[in-house]
Each structure stands twice: as structure tokens, then as C-alpha cells.
Amino acid sequence: MTISSRKLRILLACLALDLNRPLSSNSLTDRLWDDHPPRTAPGTLHGYLSKLRTVLREANELDAASGWPPVEIVSHSGTYALRAETDQVDWQVYHHLSVRARTLAEAGDDLRALAVLDRAAAVWRGEPLAGLPGLWVQQARSRLLDRRSATALTRFEVELRLGRFADLVPDLTALAEQQPGNEQIAAHLMTALYGCGRVSDALAVYRRIQRLVYRDLGTRTGERLNRLQEGILRGDNAADLVGRPAVRPVATVPSAAPGRRAPTLPPAPELVGREVELELITAAARGEWPTRTDNRTAALPVVALSGLPGSGKTALALAAAHRLSPEFPDGTFLLRLDAHSSAQPDPGPETAATVLLRQFGVPAAEIPFELDELLARCRELLSHRRALVVLDDAAGPGQVGPLLPTAPSCFVLVTSRHRMAELPTVSSVPLDVLTPDAAATMFTRLIGPDRAADPHDLATVTDLCSRHPLALHLAASRFRSHPAWSLAHLADRLSRNGRLGELRDGGGSLERAFSMSYQALRADQQVALRRLSLHPGGSFGAYLAAALISCTTDAAERLVEDLLAVHLVDELTPERFDCHDLVREFAQDVSARSDPPSERSAATDRLVSAAVRALDLADRTALPHRFRLPLPDRLKNAADDRLPHVPQWSQPGAARTWLSVETPGLLVLERRLRITGENDRAAWFAHLLAPHLEADGFWHEALHMHLAARDHWRSNGEARQEQHSLLALASIQLRFSRRAEAEASAERALQLARTTNDPEGRAEALGRFCELHWERGDYARALDLLQEVLALRRSIGNEWQLARALNNLGLLNARTGNLESAREFLSEALDVFVRLGDEKSRLQALNNLGGLLVEIGDTGAARKAFAQVAHYREEPGNRLDRAIAQLNLAQCASLPEESDEASALLQSAIRVFRALGSTKNELDAVEVLAALHRRAGRSALAAALQERAHTLAAQIDSPPGQEARTGSAA
């Protein structure tokens, strides 16, 4: 019976491929409409299901005489399933025949395997799901074709073992042309050609794939191909070069329940730097982790060791297995799943279940043919045997999950590059890079203590290896093979020649390990990894990831999570990601070979454009009243319509949080722009980041950025832009107490403001002069300048800027002894900041008012004000304000009763001031702490602190001993 509707045919395919398995409405909807269902999708889906039920009912009536049970759609609790026998769906028949053939082939029963393969070939007819459109269909078709390719490889293996070399050459040649990078196909073709006596042709195949693998992946061919080539060159017998099954045929009589089996483990490796993880695994095997219990027979967790390729997962698993082996009377087993070998094995659970049953001693004839029975038998075995099973190099949850019972008496240890987070019964132990000490210990053991005598060079080499275990082993192997090299020479080679090229030996390379993980990714995941590697450094979120990848933010989130699951991306903090530097280097190399320069350039352009647009909006949201330049249209309006939507922030605090977490990465991006000569966009980064860098303590970075921006705008004759860069530069120079430089910057900014008739620019420049004279102690001149600023602010009419001037005027009046005037100005400023909802400025004004209350003599009110600021939650941009409040609160302490609390507050403030480079504030805090210790009779400590104060005072040309009470200029 023909079904003409494409949607009905896709719906039938969805149900048939998951035969007898319930699928939710949401799952079916996503498959039918590729994750973009119309609003009417639920009703439309029910209509399709009704029509399909009618079609199946008519088909059942026509087929009533066949004796087969009816094929029907059953529903339960919002799910739908196609109920039918396995033999009624072609794909299910083919799939089970191919699995059965593989089982027979691995048991060495080649003739029976070939007969089953012939039956499977008769079932396959044409392209699967032919004529059906859509993303899900495309993915499903790809999976079915992958199964067919795997089945074809099984046939080739069997026929090669039967010596049918000449018959296989045409098919293998055609397949090698379709998949030129498949090393398993190349190995089969080489073997077939050699078996026919065509030695030169076989070696030509090897040379061709060797060039291809190096060109596309930057790595070398696998060990199997290399051994095969060596065998051909030696003239080995062709039959000896054919791979043989690991498990030989056994008697088909029923077996008794397996007793204790001999361990299948290789020798235990020497373990360095994984002691904590080894103890966790040991505790888990004894039922003590993750939930402690005194019941030794309680269900044991399944533990998954996950991490980067070469992070030492297998070594740790083997060390744990050897340690725990005596505790498991039914044996210790190692099952190598080889998910990332060049042989491209079947990633499904069937083969793993079959081999596991064979290791437990189940004869091949007793291994179930039906998939459900096979998996059930495997789970039953794991539920009732006290054995330790290591599943090494698993492909992912889909391969391991179906094997695991909910309450195993076995202890199962899985190693995988996948995090296995989808499996609720699995406890995860992720492996990070080694600690510096562990890396140094490992490298020293590998090369010998005599050649590792220089600790500095040793640390340099291990850092260049990123303290990655495989990288350390490969570097050590290279070093051992060159006795004339020193560690300094090795470090120079690693720095100069590219680490991935140097980290290799005769048996493998780091590139090859990474390329296996890369090849296992879907095409869109590969693109995402290559694009993300172009990020210049620092962590990134979903928004900037979307810009690089050229997709929506939601799609970028899913792709990043896919890469996170296989350890190609790290999550440093919630929703902040980064690539391991070795992974980034690998992906950059692949991108350089795979992507046109124009495509790479477009990706980085999207990154910069998206960053500028988001930065502009975040700046306007966080500081809506600040003096700024309008973003030019060339930067505001994106030329690329593939940019993601800019995040929206409803509150200034949310925008400040985004700025805080993105700033480190944006600084790296700005520096990259300067290095590559894109000075215009770099200067705009400096302008948009200016107040946030100052507030968050990025003063050194801001100094370089503003100097470069000033030079750029000046060389281009952009007076207004130069003025803004000079104002930002003067603020930072004042932070470092570089008063002469700040004066020159402010003077030039004032000249430009007058030239361009910019009253707000004049007010800002005069404000910098006010701060300068304030720092010098010339309060009278500072007060005169501030009165001029206040008049300008009133004429401009910007209430927030006026409140800033009032705040500063209050501080200066306090300095000059006009306490009542100071109180009026500070109270007025505080009221404005409260009315405008500016929490950051409110805290600054409250801090300043507290200082004034101390001068007036109202210490209790002052302490309340300081405590509000000092104990306010730490937010982006308020570190300095909190530290100043801590300093002021310490000075209000009741001594000697509160001397310990005051000392703790001062030490905390000093750490912040020192980290920010705020020398003047650090000087104030050190002097107060010295006085505190002097009063407590700790004269030696007080003297040391006073010496520190003299050093700080000399740095900023300021006499020590001035009044330490400090406030926050706005």
C-alpha cells in the first residue's frame, strides 16, 4: 500500500525505527518539523496519527491471510508506539542480522557469519527513507547507512580471512574512493591487493592515505596500517596479515554458571598525581561513596572516569582495578570498547554486551540473538556477579547505558571522553590536568632525575605540555631519544615549533588522540569547535559563541554543551566556557587547513561586531547617565545579518554582572585588535570599557588601552574622541598617583573641550584638575575648581552629574572644616542617587557621609553607614568602595575591645588596595594598622608597617602621617 503524504511517511519511519518503544508527542513533533513546529503542531500531529492508523488498519485487512499479527499504533500516557513483530520491519530484520553476523564473526565462525550476511544483504533495498526531507530524516538516514557500512566491513573481514582477495578488490576500491580517509577500508584494500600479488598497488594505497591523513588532520596513520605496511615490505604471508577474532569458537553445550575468572588486566601502570581520584574510586567500590553506608552488600555505584584524550583515564582505571581485584571473587575484566580507535567500531551496545558475556564464559551459542534479550542477559549477569568490570574507551551513554542494571553487584568502571552525565546511575570522576608538582614528578620519573636537575626548566617544559599526562609522556619520549638535548632546548622547541608537532613519538601523537575525538563529532559540532578556537582567549558565554559559530544563542548553547560532554570545552564557572589550550591549538590547526581565510576572518569579524554591540548596550544600561560618545552607525548596525540578538538587561546590576564576567575576554580581544592593526575598533573598546575597568580594578590594562586610543584618535584628527580618551587616561593616571602625567592629560582634554565648545567635556576636565589638587593637598584650589564644575553641571541640567559634583563638594568642604556645608552637600547627593536608583553611587555617598559623621562626632551613625557599605554584597564594580568602607569602619572601632575586628578589616582592605594598585589608599590603611599595633604594644610589627608606609609614600611623593580617613570621589 502506497502512502503519498510525506509527513505520514516520516511519522511511520519515526515509529518503525523505534519499534515497540513509546515516543512522546514532543519527540514526534520535533522530528516532523525539525525542532521548529508550528503553533498548530499538537492538533496536526493527532490528525496524522489518526490517518496513519487508518492506513495501517487497511493494510492489516489486506494482509490478514499472511498469519502475521496486525501492525498498529498504541498510545499510553501521551506516548505513541508502533507495535509489530521485528520481522515485519525491514530495518529491524537487517539490524538484527548484522549484529548476529558480527557476533559469529568475532567467535571465528566465518562460514555461518557469511550466510547471515547474505540474508542481511537480501533485505536491504535501495536508499533508506528515500525521498523524505528534513533534518531528522537526514540524521536517521545517516545512522542507517553507517550500520550498512559497518556490516560491509564485517563481510570484508570475513572474506579476507577466507582468502577471497581478488573478489574483494573492486568493491573495496570503490568504497575507498567514497571514504578516502577511512583507515579500516584502506587496510582491507591493502590486504586484498597484497593477497592478489599486487604489492606496488597495496603500498600506493598506504602512501595515498598517509598523505591524506597528514594533510587533513595534521597527524599520522594508525598503528594497524603501519604494521600492515611493514608486513608487506617484509614479504609476510598474506594470511598472516589478516586480522583474526579475539575470541575463538567454543563448545556449544550449555555452560555452568561462571565461577571466578582469571583477570584479563594488563600490568598495573605507575600512577602519579591521581591519588585523590584513586581513593574516590576505592571508596565507591566499597559502597562508601557517593552515599556512605555500613551495609557492605548495598548497591555499588558505576563510576565513569572522563577527561581529555590522553588525560590518564585508562591508567587510573587499571590501577584501581588491580588494587580492588582481591575484593571481587567472580573476577576482574577489561573490555576495550575502542570508541576512538582508527578502526571505527560499532558505537552501539550490542557488540559490547556480546564480548562481555563471552568474557564471563557464556558460550557463543548461548548468547541471545534478539537485542532486548542480549541486553537483559548482560544486565542480569552484572546484577548477580561479584566481579569488577572495566569498560575502557566507551563512546558515550548510548553504548554503556543499556548494559547497566539499576542495582549491580558488580563494580563497573567506565572510561570515556564523554562525561556520561545523562546516566543517573553513574557517578562521574572528571580528570583535569595534573598539579604542577605531580607533573614535575611524572616528567622526572620518565626522563630520570639526572636530566631533570633544573627546576625552572622542568617547570617550563611541564607548563608547555599544559601538565597533560599524554603530552608529558610524548615530550619525555622525544627527550629520551635525544641525549644531547637539555630541558631548555626542549622548551625552546616546544615554544618555537608548535607543541602539537613536537609532542609525538614513533607510536603516536597528541594530534592523533585529539583527531579521534574530532572525527567522532557531527559536522556542526566540528564547525563549532573550529570557530570557538578562533576566540583569542579568556572565557566566553553563549552570546559570543553564537557570533563565532554564526547561529542563534540557543543553538550555540546546545553545541557548546555537546562539546562540553566530550571534554573538548571546559565550563569554568556556570555558563562560562573555555577551550583547553592544547585543544584550541589543535582546532586552530584544523581550521587553518579546512576553512578558507575569508571564512575565518568573517568569524572573528562577527565576534568583534557582536562584542561591540553588546558592550555598548551594557554600558548604557549599567551607567545610563555617564559622559560618553554615541556609537557610530558603522559599528552599531551589523553588516552581517547572522549576528545573534544582543542580550537585554532590565537592571543596571545585571548589565554590570555581564560586563564583569566578559571583561577578561574582551581585554584579550581588544589587545588582539591592537596587535593586528585594527586600532579604530580597539579604541572604541577602550571607550566603552573605560569606567568599568576603573571600577573593577583593571587599571594596568586600562592604562595601555587609553594610551593607544589617545594616539589613534590624535593621529586621525578626531578631537572629541581624543578628548574622551584623555579624560579616561587622566583618571587612571590619578589612580596610580602619576600626577604630572594626569595633569598633562587633563590639560589637553580641557583645550579640546574648549575648542569643540563642549561644556560637559569642560566640566569633566576641570573635575580631573580638582582631583589632582585634592591629592596634592591643595584643597582651596580644588574647591575653586569644583565650584566652577558645579556651575557647569547646573547649566547642563544632568541631575546625576550634578549629584556627582555635590558629592565631591561635600568631601572637600569636610576636608576644609566646613562640616555643616559638607553635610548638606553629601545629603543632597545621596538623595539624588537614591531617587535615580543608582545603588553604586548611593554606596559611595553613604561612605562619604559616614566619614563626615565621624568628624562631627556622631560615631554611632558613622559606624552604621560604614557597616552598610562594608558588608554590602560584593558586586562587580564595588570592590574599592567596600575596601574604603572597611578602612573607615576600622577607624571607628572601640579599642582595645574591637582591635581584632579592626585589624581584620584593615588587612582585608589592604589586600584589595594592593591588588588594584591603589597606592594612596594602601598607604592610608597601612598607617592606621601601624597605629593599631603600636597602641596594642606590638612595637616591632608597628615599626615594620611604618617602614612600609614610608616606602608607599615615596612612590607617590606624599608625606606619610596625613589623616587617613578616606572617601570616594564620584
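So, how was this worked out
- Residues numbered from 1 in each chain as written.
- Predicted model: local features only at pLDDT ≥ 70, side-chain atom pairs only at ≥ 80, totals over all residues.
- Heavy atoms only, no water.
- Helix = DSSP H or I, 4+ residues; strand = E, 2+ residues; numbered from the N terminus.
- Polar contact = N/O pair within 3.5 Å; in protein donor to acceptor, adjacent residues only side chain to side chain.
- Contact = heavy atoms within 4.5 Å.
- Pairing = 2+ DSSP bridges.
- Axes fitted to C-alpha atoms, helices over the stretch in contact; angles between N-to-C directions.
- pLDDT = per-residue confidence, 0-100.
- Expected span 1.5 Å × (residues − 1).
- Buried < 20%, exposed > 50% of the residue type's maximum accessible area, 1.4 Å probe, protein only.

Colleague: A description of the side chain of R274 should follow, citing residues and the corresponding values.
Modeller: Within the element layout of this structure, R274 appears in the loop between α11 (238–241) and α12 (275–285). At 2.9 Å, the side chain of R274 and the backbone oxygen of S311 are in polar contact. Those residues within four positions of R274 in sequence are excluded, and the remaining contacts are S311, L316, L431, D432, V433, L434 and P469.

Colleague: Tell me what's going on with the environment of H687, and back it up with residues and numbers.
Modeller: Tracing the sequence through the fold places H687 in helix α30 (residues 679–696). In this structure, the C-alpha to C-alpha distance between H687 and D616, residues 71 residues apart in sequence, is 9.6 Å. Among all residues touching H687, those that are not within four sequence positions of it are R626, R628, L629 and H724.

Colleague: Summarise the sheet that holds strand β4 (residues 302–307); cite the residues concerned and give the values.
Modeller: An order of β5-β6-β7-β4-β8 is seen for the five strands of this open sheet, with the pairing classed as parallel. The open sheet has two free edges, formed respectively by β5 (332–336) and β8 (426–431), since each of these has just one partner strand. Looking at each pair of strands side by side, their axes are set apart by 15 degrees on average, direction ignored. Where β4 and β8 come together, six bridges link them in parallel fashion. Each residue of the ladder has a partner; that of A304, found in β8, is S428. Along the sheet face, helix α13 (residues 313–324) touches β4, β5, β6 (388–394), β7 (411–416) and β8 and points at about 165 degrees away from the line of β7. Against the sheet, helix α14 (residues 349–359) touches β5 and β6, its axis set at about 150 degrees to β5.

Colleague: How would you explain the confidence of the model for the protein chain if you had to name every residue and give the values?
Modeller: Of the residues in the protein chain, 89% have a pLDDT of 70 or more, and the chain-wide mean is 82. Counting contacts from residues 246–263, a segment whose pLDDT is below 50, to residues more than four positions away or on other chains yields 39 contacts. Contacts of residues 290–300 to residues separated by more than four positions or lying in other chains number 21 contacts, the stretch itself having pLDDT below 50.

Colleague: Can you explain helix α8 (residues 183–195)? Please cite residues and give values.
Modeller: Taking 1.5 Å as the rise per residue, α8 with 13 residues should run 18 Å; its terminal C-alpha atoms sit 18 Å apart, in good agreement. The buried fraction of α8 is high, at twelve of 13 residues. Those residues of α8 that sit buried are E183, Q184, I185, A186, A187, H188, L189, M190, T191, A192, L193 and Y194. Following α8 by one or two positions, G197 adopts a phi angle in the positive range, close to 90 degrees.

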